[in-house]
Amino acid sequence: MSTRTENTARVVVIGAGMAGARLAARVPDVTVIGEESHAPYNRVLLAEVLAGRYPADVIALPPAEVRRGVRVVRIDRDDRLVHCDDGSVVRYGRLVLATGSNPVLPPLRGLGNTMPDGVHAFRTLDDCLALRASVRPGVNAVVIGGGLLGVSAARALAECGAQVVLAQQGEHLMERQLDAESAGLLRSHLESLGVEVHTECRVRGLRCADGAVRAVEMADGYELAAEITVLACGVRPRTGLAQAAGLEVRKGVVVDDELRTSDPYIHAVGDCAEHRSTVYGLAGPALEQADVLAEVLAGRAARYDGTRALTRLTLNGPDEPGTGSLDLAAFGDSRPLPGDDVIRLADATRGAYRTVVVRGDRLAGGVLLGDLAAVGTLARTWQDDAQLPAETSLLHLLTNDGGF
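Draft legend 1. Representation of the overall build of the chain. Broken down by element type, the chain carries 8 helices and 24 strands. Relative to its length of 404 residues, the chain is compact, with a C-alpha radius of gyration of 23 Å against a globular reference of 22 Å. Summarising its shape, the C-alpha atoms of the chain cover approximately 65 × 65 × 35 Å along the three principal directions. For the chain, with 404 residues in total, the buried portion stands at 50%. Summarising the internal contacts of the chain: among those between residues at least 6 apart in sequence, 59% fall at separations of at least 24. Roughly 18,400 Å² of accessible area belongs to the chain as shown, and the carbon and sulfur atoms make up 46% of that amount. If you average the places of the 42 positive and of the 52 negative side-chain charges in the chain, the two averages end up 4 Å apart.

Draft legend 2. Representation of the sheet that holds strand β13 (residues 212-218) in the model. Pairing in this open sheet of 3 strands is antiparallel, and the strands run β12-β13-β14 from one edge to the other. Sheet topology places β12 (203-209) and β14 (223-225) at the edges, where each strand pairs with a single neighbour. Between one strand axis and the next, the sheet turns through 30° on average, direction left out of account. Where β13 lies against β14, 3 bridges are found, and the strand directions are antiparallel. Its bridge partner being in β14, V216 is matched across the sheet by L224.

Draft legend 3. Representation of the sheet that holds strand β15 (residues 228-231) in the model. With parallel pairing, 5 strands are arranged side by side in an open sheet as β8-β15-β9-β10-β11. The sheet terminates laterally at β8 (119-121) and β11 (196-198), the two strands that pair on one side only. Here the strands of the sheet are splayed against their neighbours by 20° on average, with no regard to which way each runs. Looking at chain direction, strand β9 (residues 140-144) and β15 are connected through 4 bridges and run parallel. In the strand pairing of β15, I144 is matched with L231.

Draft legend 4. Representation of the packing of aromatic side chains within the structure. In this structure the tally under the stated criterion is 2 aromatic pairs. With centroids separated by 6.5 Å and ring planes inclined at 80°, the aromatic side chains of Y280 and Y304 adopt a geometry described as edge-to-face. You can see Y280 sitting in the loop between β19 (273-275) and α7 (283-297) and its partner Y304 sitting in the loop between α7 and β20 (310-315), a full 24 residues away along the chain. For Y304, a relative accessible area of 0% corresponds to the buried category. On the basis of an interplanar angle of 45° and a centroid distance of 5.4 Å, the ring pair of F331 and W382 is categorised as tilted. Separated by 51 residues along the polypeptide, F331 in strand β21 (residues 326-332) and W382 in helix α8 (residues 375-383) bring together distant segments of the chain. A residue is classified by how much of its surface remains accessible, and F331, at 1% relative accessible area, is buried. Across from the ring centre of Y265, 3.4 Å away, lies the NZ or CZ of R80, which sits over that ring.

Draft legend 5. Just the pairing of strand β24 (residues 362-369), in detail. Counted residue by residue, β24 has 7 buried out of 8 residues, so it is predominantly covered. Pairing analysis gives 5 bridges linking β21 to β24, with the strands arranged antiparallel. Within the sheet, the bridge partner assigned to A330 lies in β24 and is V367. Two elements, strand β23 (residues 352-359) and β24, share 7 bridges in a ladder whose sense is antiparallel. Across the sheet, the residue bridging to R354 is L368, located in β24.

Draft legend 6. Structural view of helix α5 (residues 180-192). With 13 residues, α5 extends 18 Å from end C-alpha to end C-alpha; this agrees with the ideal 18 Å at 1.5 Å per step. Restricting attention to buried positions, one finds in α5 the residues S182, A183, L186, H189 and L190. Looking straight down α5, one finds that the buried residues subtend no more than 115° of arc, so they occupy a single side.

Basis of the calculations
- Position labels on residues start from 1 in each chain and follow its written sequence.
- Where totals are concerned, whole chains, interfaces and linings use all residues; where local detail is concerned, this predicted model gives features only for residues with pLDDT of at least 70, and gives and counts side-chain atom pairs only at 80 or more.
- Based on all heavy atoms of the structure, the side-chain values leave hydrogens and waters out of the count.
- Helical segments are the DSSP runs of H or I of at least four residues, strand segments are the runs of E of at least two, and each set is numbered from the N terminus.
- Radius of gyration here is computed from C-alpha atoms only, and the compact-globule reference equals 2.2 Å multiplied by the residue count raised to the power 0.38.
- Only protein chains enter the accessibility calculation, which uses a 1.4 Å probe. A residue is then buried if its area is under 20% of the maximum for its type, exposed if over 50%, and partly exposed in between.
- Two residues qualify as a contact provided that any one of their heavy atoms is within 4.5 Å of a heavy atom in the partner residue.
- Per-residue and other accessible areas were derived by the Shrake-Rupley procedure at a 1.4 Å probe size, with only the shown protein chains allowed to occlude residues.
- Residues counted as positive are Lys and Arg, residues counted as negative are Asp and Glu, and His and the chain ends are not counted.
- We put the charge of a Lys on NZ, of an Arg on CZ, of an Asp on CG and of a Glu on CD.
- When DSSP locates at least two bridges between a pair of strands, those strands are taken to pair.
- For helices, the axis comes from a line fit to the C-alpha atoms of the stretch in contact; other axes are also lines fit to C-alpha atoms, and the angle between any two N-to-C directions lies between 0 and 180 degrees.
- The pairing test for Phe, Tyr and Trp rings, Trp by its six-membered ring, is centres within 6.5 Å, and the orientation test on the planes gives stacked under 30 degrees, edge-to-face over 60, and tilted for anything in between.
- Criterion for a charge above a ring: Lys NZ or Arg CZ within 6 Å of the ring centre, and within 35 degrees of the ring normal.
- To estimate how far a helix should reach, multiply one less than its number of residues by 1.5 Å.
- What the arc measures is the spread of directions leading from the helix axis to the C-beta atoms.

This is how it looks when you write it as structure tokens:
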């Protein structure tokens with residue numbers, strides 16, 4: 001195949017996900033190269049597409065010029081060239097890695113290099129559409145992983161009429177965000193939607209026949225019937241291009257406060273970037289990083305100091321009595337350390353639960369379920385790392401105005 005070298009672009013972005021699309025909307029003279037055939041979309045809403053609440057085109061992001069369906073295979077740092085799988089070569093002045101992350105595929109027996117029929121990751125729009133096409137009322141579906149993604153997938157599958165089992169290795173659901181009590185309430189809500197939840201259980205493998213999954217095998221020998229299996233076991237930064245190019249990579253591509261890698265002409269943002277030893281893997285930090293980098297590339301003073309990310313989730317239920325929506329918000333560290341003050345307020349009548357952890361004169365974290373009226377003030381106080389007024393009663397922190 002012949003190669004062709006295109007004219008110099010001031011900025012070339014590898015990756016057309018949320019971070020890459022955000023940057024493209026804020027930076028002139030930019031070339032965006034994306035592997036997916038779809039226009040950039042909001043991956044936060046994939047579960048809504050899976051549930052059938054939104055068609056795929058509704059989650060598209062504002063239009064951006066993207067070279068779709070093109071994969072970058074090599075970065076030539078000496079000549080500042082990007083080599084693509086279609087034979088094209090793109091010259092850059094500044095290069096931005098927005099390569100995102102890959103789903104973690106657990107080491108399960110029966111899961112080889114090629115996934116059996118019925119086994120799905122849940123990371124991209126193609127994953128979502130393939131899963132949506134395979135779901136029908138009454139189908140047996142097993143979701144492996146009880147984090148944010150697994151919970152969202154389980155709810156969406158149940159809404160499609162599937163018989164859903166969620167298997168979580170940890171002690172409770174969404175261990176990174178929730179305390180045990182709030183996770184218990186979340187579990188109860190999922191069960192009210194028809195999801196069967198198993199925690200503290202380890203999946204050993206998949207039993208397949210004729211190239212298709214038939215059951216999920218647990219470590220204790222128990223089998224869960226499965227015509228569909230969703231792997232929601234976390235994500236891993238995509239760092240292969242960066243590593244091959246000789247950039248500094250630890251968990252992710254290491255960047256400084258200007259989102260600059262170890263090469264001064266290359267930046268990284270989003271799920272692939274590691275800033276101050278942190279890889280966020282969330283949409284909010286990715287968008288914030290893209291905004292900061294847009295300022296840096298424009299020659300304006302800007303620094304990224306990290307993101308205090310708020311996790312929000314709405315689990316919609318069917319329109320039946322007793323199975324309404326559950327709103328959830330979590331921020332910071334909801335697991336108290338010795339000496340912390342913990343304030344909890346549970347209102348069974350309103351189906352509300354609130355807890356905050358106070359460390360010294362600062363909010364360390366909190367969880368709210370059901371009634372989120374106080375979340376705005378609490379989250380802003382935490383995000384700003386603001387000192388709590390001395391006269392604030394701790395219980396008042398859980399009122400609708402956050403006690404301020």
